[in-house]
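# Residue-level structural notes
Residues per chain are reported as follows:
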Amino acid sequence: MQISYSICNGIFNHTSLCEFHQGKLLLHLTIPFEEKPRSNLPCDNLRYYRQRKQMTTRQLAEKLDIVPATVVMYENGKHPIPYDVAIRLAETLGIEPALLYDDFSSFLAVPYTKALKRLRTALGLSQKVFAQQMGIIPSYYYKLEEGNRRPSRKLYQQICSTLNEINPQTSLLSENLLK
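Throughout what follows, the structure given in this document is the object of discussion. (Residues numbered from 1 in each chain as written. Predicted model: local features only at pLDDT ≥ 70, side-chain atom pairs only at ≥ 80, totals over all residues. Heavy atoms only, no water.)

## Describing the pattern of salt bridges
Tallied over the full model, the rule gives four salt bridges. With a closest N to O distance of 2.4 Å, R50 and E75 form a salt bridge. Pair noted here: R50 is in helix α1 (residues 42-52) and E75 is in helix α3 (residues 68-75), with a separation of 25 residues, a long-range link. Across the pair E145 and R120 runs a salt bridge whose closest N-O atoms are separated by 2.9 Å. Placement of E145 in helix α8 (residues 138-146) and of R120 in helix α6 (residues 112-122) is noted, with a sequence separation of 25 residues between them. Several salt bridges converge on common partners, so that one network encompasses D44, R47, R50 and E75. (Salt bridge = Lys/Arg side-chain N within 4 Å of Asp/Glu carboxyl O. Helix = DSSP H or I, 4+ residues; strand = E, 2+ residues; numbered from the N terminus.)

## What about the packing of aromatic side chains?
Tallied over the entire structure, the rule returns six aromatic pairs. Summarising the aromatic geometry, the rings of Y48 and Y49 are spaced 4.7 Å apart at their centres and angled 80 degrees between planes, so their arrangement reads as edge-to-face. By relative accessible area, Y48 is classed as buried at 11%. What makes Y49 buried here is its relative accessible area of 10%. For the pair F107 and Y112, a centre-to-centre distance of 5.6 Å together with 45 degrees between the ring planes defines the contact as tilted. Taken together, F104, F107, Y112 and Y156 form an aromatic cluster joined through their ring pairs. (Phe/Tyr/Trp six-rings, centres within 6.5 Å; stacked < 30°, edge-to-face > 60°. Buried < 20%, exposed > 50% of the residue type's maximum accessible area, 1.4 Å probe, protein only.)

## Some thoughts on the packing of helix α2 (residues 57-64) against helix α4 (residues 83-93)
How two helices sit against one another is set out by the angle between their axes and by the gap between those axes. It is at 10 Å that the axes of α2 and α4 come closest, and there the two elements cross at 115 degrees. For the pair α2 and α4, the crossing hand works out as right-handed. Seen from α2, the contacting residues are L60, K63 and L64; seen from α4, they are R88, L89, T92 and L93. (Axes fitted to C-alpha atoms, helices over the stretch in contact; angles between N-to-C directions. Left-handed = near helix turned anticlockwise from the far one by under 90°. Contact = heavy atoms within 4.5 Å.)

## Some details on the side chain of E75
By relative accessible area, E75 is classed as buried at 6%. Leaving out residues up to four positions away in the same chain, E75 has contacts with C43, L46, R47, R50 and T57.

If you want it as structure tokens, here you go:
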């Protein structure tokens, strides 16, 4: 077995990549660490992992056959990422789907109108009383339960906090409400 030796001719001495210390050549490597999103929101995770894959919003949108503006709205948190789109995005980006959806997206993916109605009836409340306890206008709640309105993230959080006050053991995403 032949071992090759090389002698440094000092060319590296003029760069910041290496230096000689006690007769040994030391290399200085700079490794950039990516800064992960501060929050664990799906919109921040989408932007982070898209940039990590060095993809533009247009490239990502073309792979999913959606409009680039939609991807931008997902990244800015203007629209929740639908559950089925989150699954396709995760496959494209090579990440866990759970990073791109949260409880709110899951709530919208299930028939939330049935979940709201089952929850309200399980608590033995009328639509009007339930809406008043949540602090929303009853006519707006009627439309939510009928499926004529889609709840915002803020309203979902309001429903969850009210539900936690009424009965801490009950969840909007519990199995018995989703059946």
